[in-house]
Every structure is written in structure tokens, then in C-alpha cells.
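Listed here are the chains, written in short residue letters.
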Amino acid sequence: MGARPESGSRTPVELAGMPAAGALYRRALLGALPGLGGGRRGADLPAVELTVGGVSVDRAQLADYDRVCGFRLSDRLPATFPHVMGFPLALRLMTAPDFPLPLIGLVHVGNRITTHRPITADEKLDFTTYAENLRPHGRGRQVDVVLIGSVDGEEVWRGVSTYLGRERKPGGRDPGERPAAPTATARWPVEPRVGTQYARVSGDHNPIHTSRLGARLFGFRRPIAHGMWSKARCLAALEARLPDAYTVEVVFKLPVPLPSTVSFALLPDGGFALHDSRGRPHLTGLVR
């Protein structure tokens, strides 16, 4: 396992503008093909932190995002929206040749967001991203990708996405029995178009979400919903209950196939969950 760079050992790299996510995905897809640049990857995490300053909110994108995820139309950003704004920067980090895990095939297994105060659409954000905590997992290796949003030098938002790079290992299944599903508060149909609609508003065009062929190449019978759409849809259901500053953490479990029907449950002490029609968990979450 590679060493974890400490904050003082990372080299700041400021980019002139937000990278184009589409080009980064194309590069990652080509690199995944035999003989086209997959190559040997770095053993350690890249000792850099990437920064882009003065990122404006695209109000049309925000409105489309609100509609796709179920939020009320507002100039106030949902807690998950800065993730969308800064995602291309994190993607640039994860598609670098020295990133230890190949992007194609990475599984988003967890996400924690802290919003320190409300952020409005007329504010410009500076984004910084870096990777930390590369560690072993029963099914491969995990890494945390940190994305920070600041306004005038003040951190207003932080997201930590945990990704699993699956590797062939003996065993690897989680032990223990699955607990019973909680009583559903609501049931939502998830239409096939959710994959392409969320890809369009988020810039996350991973083919497992938008293409039947792309999904099959990675072991899914049909496309699956983006994990961050599922998280956002749950937060939209909680929108009236959320304070101005909070942390919301989710663990992604079974993917949501497209189409399907999911059951949302509101749990005591700020918890929530999403299950399929057979009671199997898609995600569990907690607001605190």
C-alpha cells in the first residue's frame, strides 16, 4: 500500500479553469483498453492538490439539477451541488497517470458532505481537491478523494468521496446477516432516463450509468443510477428538515438498476435509508 501524503507534502497546482469532464472520461476509457495506454500505475497517492478559483454557478444547470434530483427550485445550492461543480477537478486528479487506481471500474462506496453555511447562486467558489488514506479492503483497495469549496478564503463546503478499486482476492464478501428493511416512508419510481439526465447535469458520463453495453462490460445487466443522484434524491426528501449547517454521510450498498422502484425510509436520530422492493439496501445515511 502506498504512503499517505500529509497536507504539507502536497504540491499546490492551480489550473486556469475547470477541466472538461468528457475529455477526461475519454482518456480513461482509452487507457482501460489493452495496448492503449493502461500501463503501470503509481504505487503512492499523487502528492499534489489541484485548485481552480472563481467558479461561478450556472443557474440553468442548477435549475436542471434541482428538477432531476427533486429539490425545490431555489438560488440556494443543495448540499450535493458543489460536488457537481467541482467534480471535473476531482476527475482530473483521478485520471492522472500516477493515480494508483484506474478510474474505469472504480466503485463509489461512500460520501460525506459538510456544508458550513448556506451557499447561494451568486457566489463564486474556489475548489481544491486531493487524495488521501489509500488503504486495503477485503475486495481491493480504497481511497478518499477530498473536494473543498471556499468563498473569499473561507471553507464553506467539504466533500469526501470514498472509492473502491476492486481486485481479485479470495473471499471478500461482507460477513453477517442483512438486517430487516425499515418501514418505507415513500416509494419512488426510478425511470431509465435518470441515468442520462443526471449525467447531463452533473458531467459524470460514466457509461455504467448511461449505456446498456457500458453497464454490461462492468458486470451489470442494465445501467445503474449514479450514487450521488440517490444521495441527492434522499436529501431532497429531507429538504424541509435540514439546518443551515450540517454533515450528511452515506454508505452506498447495492446499485439502483434502471428502471426500478425504491423505498425511502426516514429513521430515528437523523438516519435514512433506501431499499429495493425486496428489502435489500441501496444506501444508508445519517444527517448530523
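As a starting point, this report considers the structure included with it. The model shown is predicted, which means the values in this text are computed figures rather than measured ones.

## A word on the side chain of His275
And then number 1: Residue position: His275 is located in strand β10 (residues 271-275).
And then number 2: The residues contacting His275, other than those within four sequence positions of it, are Ala181, Pro182, Thr261, Val262, Ser263, Arg280, Pro281 and His282.

## Observations regarding the pattern of salt bridges
Close approach of charged atoms lets side chains of opposite charge pair.
And then number 1: Inspection of every chain in the model, using the stated rule, returns 11 salt bridges.
And then number 2: Of the charged contacts in the structure, one is a salt bridge between Arg76 and Asp244, with a shortest N-O distance of 2.8 Å. Separated by 168 residues along the polypeptide, Arg76 in the loop between α2 (59-69) and α3 (81-94) and Asp244 in the loop between α7 (227-237) and β8 (246-252) bring together distant segments of the chain.
And then number 3: Note that Arg158 and Glu155 form a salt bridge whose closest N and O atoms lie 2.9 Å from each other.
And then number 4: On the basis of relative accessibility, which here comes to 28%, the residue Arg158 falls in the partly exposed class.
And then number 5: Through salt bridges with shared partners, a single ionic network connects Asp64, Arg67 and Arg200.

## Considerations on the environment of Pro78
And then number 1: Mapped onto the fold, Pro78 is located in the loop between α2 and α3.
And then number 2: Classification of Pro78 by relative accessible area gives buried; the value is 8%.
And then number 3: Between the C-alpha atom of Pro78 and that of Tyr65, which follows or precedes it by 13 residues, the distance is 9.3 Å.

## Considerations on the sheet that holds strand β4 (residues 125-137)
And then number 1: One open sheet holds the 11 strands; their spatial order is β1-β2-β4-β5-β6-β3-β8-β11-β10-β9-β7, and the pairing between them is mixed. On the outer flanks of this sheet lie β1 (11-14) and β7 (186-190), each paired with one strand and no other. For this sheet, the mean inter-axis angle between neighbouring strands, taken without regard to orientation, is 20°.
And then number 2: As paired elements, strand β3 (residues 107-115) and strand β6 (residues 154-166) share eight bridges and run antiparallel to each other. If you follow Gly110 over to β6, its bridge partner there is Thr162.

## Quick look at the packing of aromatic side chains
And then number 1: All told, the structure shown has five aromatic pairs when counted by the stated rule.
And then number 2: Centroid distance Tyr65 to Phe71: 6.2 Å. Interplanar angle 15°. Geometry classified as stacked. Phe71 shares its class with Tyr65; the two are buried.
And then number 3: Measuring from centroid to centroid gives 5.1 Å for Trp188 and Phe264, while their planes differ by 20°, and the two rings are stacked. Taken together, the residues span a long stretch of sequence, with Trp188 in strand β7 and Phe264 in strand β9 (residues 260-266) at a distance of 76 residues.
And then number 4: When its relative accessible area of 10% is taken as the criterion, Trp188 is described as buried.
And then number 5: Chaining the aromatic ring pairs together yields one cluster made of Tyr65, Phe71, Phe81 and Tyr198.
And then number 6: One Lys or Arg, Arg10, reaches over the ring of Tyr130 and ends 3.7 Å from the middle of that ring.
And then number 7: It is Arg233 that lies over the ring of Trp188; its NZ or CZ is 3.9 Å from the centre.

Scoring rules and cut-offs
Here the residue index of a chain counts from 1 through its sequence in written order. Reporting in this predicted model follows two pLDDT cut-offs: at least 70 for local features of residues, and 80 or more for side-chain atom pairs to be given and counted; totals over whole chains, interfaces and linings ignore these cut-offs and use all residues. Computation of side-chain values: all heavy atoms of the structure, hydrogens and water removed. Think of it this way: any DSSP run of H or I at least four residues long counts as a helix, any run of E at least two long counts as a strand, and we number them from the N terminus. Whether two residues are in contact is decided by their heavy atoms, any of which lying within 4.5 Å being enough. The term salt bridge refers to a pairing of a side-chain nitrogen on Lys or Arg with a carboxyl oxygen on Asp or Glu at a separation within 4 Å. Between buried and exposed lies partly exposed: a residue is buried under 20% and exposed over 50% of the maximum accessible area for its type, with that area taken using a 1.4 Å probe on protein chains only. The pairing criterion is simple: DSSP has to find at least two bridges between the two strands. For helices, the fitted line uses only the C-alpha atoms of the stretch in contact; every axis is such a line through C-alpha atoms, and the angle between N-to-C directions lies from 0 to 180 degrees. For Phe, Tyr and Trp, rings pair up if their centres lie within 6.5 Å, where Trp contributes its six-membered ring, and each pair is then called stacked (planes under 30 degrees apart), edge-to-face (over 60) or tilted (otherwise). Only when the NZ of Lys or the CZ of Arg is both within 6 Å of the ring centre and within 35 degrees of the ring normal is a charge said to sit over the ring.

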